[in-house]
Amino acid sequence: MKKLLLILVAACSLVGCGSRDGKHVQSVSPEEFEYNVDRFYDLAILRYRVPDFESLSLEQKALVYYLSEAALWGRDIIYDQNGRYNLRVRRTCEALYEKYEGDRQEEQFMLFEKYLKRVWFSNGIHHHYAADKFVPECSEQWFRAACKEAGVELNDELVRVIFDPTVMPKRICQDAGKDLLLNSAGNYYEGLTQAEAEAWYEQHKDTSDEPRWIGLNSKLVKRDGQVVERVYRTEGDGLYREALAHVVENLEKALEYAENDEQRLVIKKLIEFNRTGDLKTFNKYAIAWVRDLNSHVDFVNGFTEVYGDPLGITGAWESMVNFKNVAATDRTRTLSANAQWFEDNSPTDKKYKKKECRGVSAKVITAAILAGDCYPATPIGINLPNANWIRKNYGSKSVTIANLTEAYYMASQGDGMNEEFYLSDEERRLAKEYGALMSDVHVDLHECLGHGSGQLMPGVGKESLREHASTLEEARADLFSLYYMADPKLVELGIVPDEEAYKTQYYHQLLNGAMTQLVRVELGKNIEESHMRDRALIARWVLAHVDSVKPEAEIIEREGKHYLRVNDYQGVRRLFGQLLAIVQEVVSTGDYEQACQLVEDYAVKVDQDLHRELLARYQPLGIAPYKGFVNPVYQPVLDEQGKIKDILIRYDEGYAEQHLRYSRDYSVLPDVND
Ligand code: ZN
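Colleague: I'd love a proper account of the pairing of strand 5 (residues 226-231), names of residues and values included.
Modeller: As paired strands, strand 4 (residues 218-223) and strand 5 are joined by 6 bridges and run antiparallel to one another. Residue Ser 218 lies in a different strand from strand 5, and its bridge partner there is Val 231. Connecting the antiparallel pair strand 4 and strand 5 is a turn made up of 2 residues, with Asp 224 showing a positive phi of about 50°.

Quick look at the structure:
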């Protein structure tokens, strides 16, 4: 079976793998599915299966369908949040792409097409991960002439936004010492300094027991010397009201198919929140969402993760609709049921442990649609809500998305990475035998136990660690997972098959954090993104703290190439445990100085010689370091009265085709939103 797949995937990337023949593909098995869709720059586009969609009830299918529509309607919002010119850039380029009558095989056009594909991937003009601006490889002269010829409107300002790398060079600036707002192109603030925004948040801080997350759903703008909050809502002159109205409309249709009262309440509160923007309503929605544990279908829809805001406050719009993967859920349920045991036995100081670890619901889901900040690049796990007091009092939901990890894994089979970078056949054997399982287990441990573990000291909040909060929080969750995956308890619980399985994930994490993830960084640049900083911090801290006589792990050189050698896996585990205790203390006490120290010493800088070597070894493999997805297409079948009698799922839409359709069918925001 595996072999057949390898051949299929290889053949598929050779022919470029365009769209399928348009017929409805029902219940495709992984072996016959085409995972690879497109490849350009450092990006690969994959397709994911939605197994068991066909076996949902009609009501559940209709619910998924309307929630998917509500998801797709938020697409313009993330473009605008990522930068104030993004919608105009996208629309201008799409207009040229569609109206262009010249030779589409001509080099300049193809370079322009690549740029547009990249804009779609990033929901804007900055790299989705590194946050640096990218510019087209086609010439400005060609672009101007082509727009003129095709009758596409263009002005000098927009040309500068597209072609001048010094205009809005970074989406999000995290450089200590710089004004984070003035140096970020993200559109969460306008005309304010960092100090002014921080003062505003301080002044509006909610100190009640059930605090509202002030700023979650708004943009701060300076008008006539005054700081004004522009709230995202449909009422009045709410920001993004045009798009949110369609989100609400589809949520209302979804409401008719809700599975039970708990879910009905979730959807109702979300509708109300989108209308009013009232953060008390948002809290009610978030609590209702955490409590809705019995529905088969579930979803995230709205202003959620705060990585895009340099101050870590305003949520980027995202959506993901999903339903339960029952079989795989059993594994994470076992972990959750034992949450207290893990908390009690972790190597962290007693005062930073939760006395009562509760409410970590764990499930594995099947994603049915990805949208907003979750599309095309997407997380493989979700842990929400983000408000600490809700997590503490009501718990959180933690999910891993099995059909997406499946797609990543299947698409990467045989790409040459392990052949080049792994030390020997032994590491490759472990990866082959346990790699897929252990990457799932890692995500489960990270999401179900890691983020939910530990407690903050009184007076310490999420904002205490400022620009390093995300890096340290991710490191904490990763270390919790790494420490425990080697514990005999996991064999006892039946999560892993034996006491050797964890080794492949240890090897992968150290190698990735210390070396291979650098292939995603441009030569000469620092590590910026917080998950990458987290991984670098862990791997490089461990390698810096090994025993000087008998190192537990080390980087060795062989014929001019560097490799990771792990000599003592249990010894590495002890080091992970030590670092976990340190990171937990930093997070629990909000020790900003210590956080800066850790991040600056281990997580940011890149050894130029090593970096050059890695890129030279990596480039010939032709692998895309970043991957994203196209969604399936859901097509309602109506009876004579116009009622839904079925929803069909199709997997035949191409990358450009999908984005052009979304822009045609789900785009109502003005070019500039003030
Ligand atoms: Zn995480």
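Colleague: Could you give an account of the coordination of the zinc ion, with specific residues and numbers?
Modeller: Looking at the metal site, the zinc ion is ligated by His 446 (NE2), His 451 (NE2) and Glu 474 (OE), spaced 2.1 to 2.2 Å from it. Read in sequence order, the donor residues coordinating the zinc ion give the pattern H-x4-H-x22-E. Taken together, the positions of His 446 in helix 17 (residues 425-450) and Glu 474 in helix 18 (residues 469-485) put the pair 28 residues apart, joining distant regions of the chain. Relative accessible area serves as the criterion here: at 4%, Glu 474 is assigned to the buried category.

Colleague: Can you break down the environment of Thr 400 residue by residue, with the values?
Modeller: Along the polypeptide, Thr 400 turns up in strand 10 (residues 396-401). For Thr 400 and Glu 447, which are 47 residues apart along the polypeptide, the C-alpha to C-alpha distance reads 7.6 Å. Among the polar contacts made by the side chain of Thr 400, one reaches the side chain of Asp 444 at a distance of 3.1 Å.

Colleague: Tell me what's going on with the confidence of the model for the protein chain, and back it up with residues and numbers.
Modeller: Keep in mind that low pLDDT regions are not for reading the predicted coordinates in detail. Confidence in the prediction of the protein chain, expressed as mean pLDDT, is 92, and 95% of residues score 70 or more. A low-confidence stretch, residues 1-26 stays under pLDDT 50, and its non-local contacts, those more than four residues away or across chains, total 38 contacts.

Colleague: Tell me about the pairing of strand 6 (residues 297-303), residues and numbers included.
Modeller: The buried fraction of strand 6 amounts to 7 of the 7 residues, a majority that puts the element mostly inside the structure. As judged from the 7 bridges shared by strand 6 and strand 7 (residues 317-324), these two strands associate in the antiparallel manner. The partner of Asp 298 across the bridge, within strand 7, is Asn 322.

Colleague: Can you lay out the packing of helix 17 against helix 18 for me, pointing to particular residues and giving the numbers?
Modeller: Their axes nearest at 8 Å, the elements helix 17 and helix 18 cross at an angle of 120°. Accordingly, the angle class assigned to the pair helix 17 and helix 18 is oblique. Of the two elements, helix 17 crosses helix 18, and the hand of that crossing is right-handed. Residues Met 438, His 442, Leu 445, His 446, Leu 449 and Gly 450 of helix 17 touch helix 18, and the partners they reach there are Glu 474, Arg 476, Ala 477, Asp 478, Phe 480, Ser 481, Leu 482 and Met 485. Considered class by class, the residues forming the contact of helix 17 with helix 18 number 7 nonpolar, 4 polar and 3 charged.

Colleague: Tell me about the environment of Glu 157, and name the residues and values.
Modeller: Within the element layout of this structure, Glu 157 appears in helix 7 (residues 156-163). Glu 157 gets classed as partly exposed once you look at its relative accessible area, which sits at 36%. Considered as a pair, Glu 157 and Tyr 85 are 72 residues apart in the sequence and their alpha carbons are 9.9 Å apart. Glu 157 has contacts with Tyr 85 and Arg 88, leaving out every residue within four places of it along the chain. A distance of 2.8 Å separates a polar atom in the side chain of Glu 157 from a polar atom in the side chain of Tyr 85.

Colleague: Now, about the pattern of salt bridges: what can you tell me, with residues and values included?
Modeller: Taken as a whole, this structure holds 46 salt bridges when the rule is applied. The salt bridge partner of Glu 406 is Arg 49, with a shortest N-O separation of 2.9 Å. With Glu 406 in helix 15 (residues 402-412) and Arg 49 in the loop between strand 2 (43-47) and helix 2 (58-72), this pair connects stretches of sequence that are 357 residues apart. With a shortest N-O distance of 3.0 Å, Arg 476 and Glu 473 are connected by a salt bridge. You can see Arg 476 and its partner Glu 473 sitting in helix 18, 3 residues apart, about one turn around the helix. Several salt bridges share partner residues, and in doing so they unite Asp 76, Arg 88, Arg 90, Arg 91, Glu 94 and Asp 671 into one network.

Colleague: Mind laying out the domain arrangement of the protein chain, listing which residues take part and the relevant values?
Modeller: In terms of domain boundaries, the protein chain breaks down into domain 1 (55-63 + 168-322), domain 2 (86-124 + 134-163) and domain 3 (325-626). Measuring from the centre of the C-alpha atoms in domain 2 to the corresponding centre in domain 3 gives 39 Å.

Colleague: Can you break down the side chain of Thr 400 residue by residue, with the values?
Modeller: Thr 400 gets classed as buried once you look at its relative accessible area, which sits at 6%. Non-local contacts of Thr 400, meaning those with residues more than four positions away in its chain, are made with Lys 363, Val 364, Ile 365, Ile 380, Gly 381, Val 443 and Asp 444.

Colleague: Before we move on, could you go through the side chain of Gln 108 and cite the residues and values that matter?
Modeller: Relative to the elements of secondary structure, Gln 108 occurs in helix 5 (residues 107-122). For Gln 108, the side chain forms a polar contact with the main-chain nitrogen of Ser 139, separated by 2.8 Å. Setting aside residues no more than four positions away along its own chain, Gln 108 makes contact with Cys 138, Ser 139 and Trp 142.

Colleague: Break down the packing of aromatic side chains for me, citing the residues and quoting the values.
Modeller: A full pass over the atoms with the stated rule returns 38 aromatic pairs. Their ring planes at 35° and their centres at 4.5 Å tell us that Tyr 232 and Phe 303 sit as a pair that is tilted. Taken together, the positions of Tyr 232 in the loop between strand 5 and helix 9 (241-255) and Phe 303 in strand 6 put the pair 71 residues apart, joining distant regions of the chain. Assessed through its relative accessible area of 1%, Tyr 232 is described here as buried. Centroid distance Tyr 483 to Tyr 484: 5.1 Å. Interplanar angle 80°. Geometry classified as edge-to-face. For the pair Tyr 483 and Tyr 484, one class covers both residues: buried. Put simply, the rings of Phe 40, Tyr 97, Tyr 100, Phe 109, Phe 112, Trp 120, Trp 142, Phe 143, Phe 163 and Tyr 655 touch in pairs and so form one group of aromatic residues. Above the plane of the ring of Tyr 97 lies Arg 104, whose end atom (NZ or CZ) is 5.1 Å from the centre. In this structure, Arg 520 packs its charged tip against the face of Tyr 129, placed 5.1 Å from the ring centre.

Colleague: Any chance you could break down helix 6 (residues 140-150) for me, citing the residues and the numbers?
Modeller: Taken together, the buried positions of helix 6 are Trp 142, Phe 143, Ala 146, Cys 147 and Ala 150. End-on view of helix 6: buried residues confined to an arc of 130°, all on one side of the axis. Relative to its buried face, helix 6 has exposed residues pointing more than 90 degrees away, namely Gln 141, Lys 148 and Glu 149. Tucked inside the fold, the buried residues of helix 6 contact helix 4 (86-99), helix 5 and helix 7. Backbone geometry just downstream of helix 6 places Gly 151 in the positive-phi region, at approximately 75°.

Conventions used here
- Residues numbered from 1 in each chain as written.
- Predicted model: local features only at pLDDT ≥ 70, side-chain atom pairs only at ≥ 80, totals over all residues.
- Heavy atoms only, no water.
- Pairing = 2+ DSSP bridges.
- Helix = DSSP H or I, 4+ residues; strand = E, 2+ residues; numbered from the N terminus.
- Donors = N, O, S within 2.8 Å, 3.2 Å for Na, K, Ca; no water.
- Buried < 20%, exposed > 50% of the residue type's maximum accessible area, 1.4 Å probe, protein only.
- Polar contact = N/O pair within 3.5 Å; in protein donor to acceptor, adjacent residues only side chain to side chain.
- pLDDT = per-residue confidence, 0-100.
- Contact = heavy atoms within 4.5 Å.
- Axes fitted to C-alpha atoms, helices over the stretch in contact; angles between N-to-C directions.
- Parallel < 35°, antiparallel > 145°, perpendicular 65-115°, else oblique.
- Left-handed = near helix turned anticlockwise from the far one by under 90°.
- Nonpolar A, V, L, I, M, F, W, Y, C, P; charged D, E, K, R; others polar.
- Salt bridge = Lys/Arg side-chain N within 4 Å of Asp/Glu carboxyl O.
- Domains from an automatic or database assignment.
- Phe/Tyr/Trp six-rings, centres within 6.5 Å; stacked < 30°, edge-to-face > 60°.
- Lys NZ or Arg CZ within 6 Å of the ring centre and 35° of its normal.
- Arc of directions from axis to C-beta.

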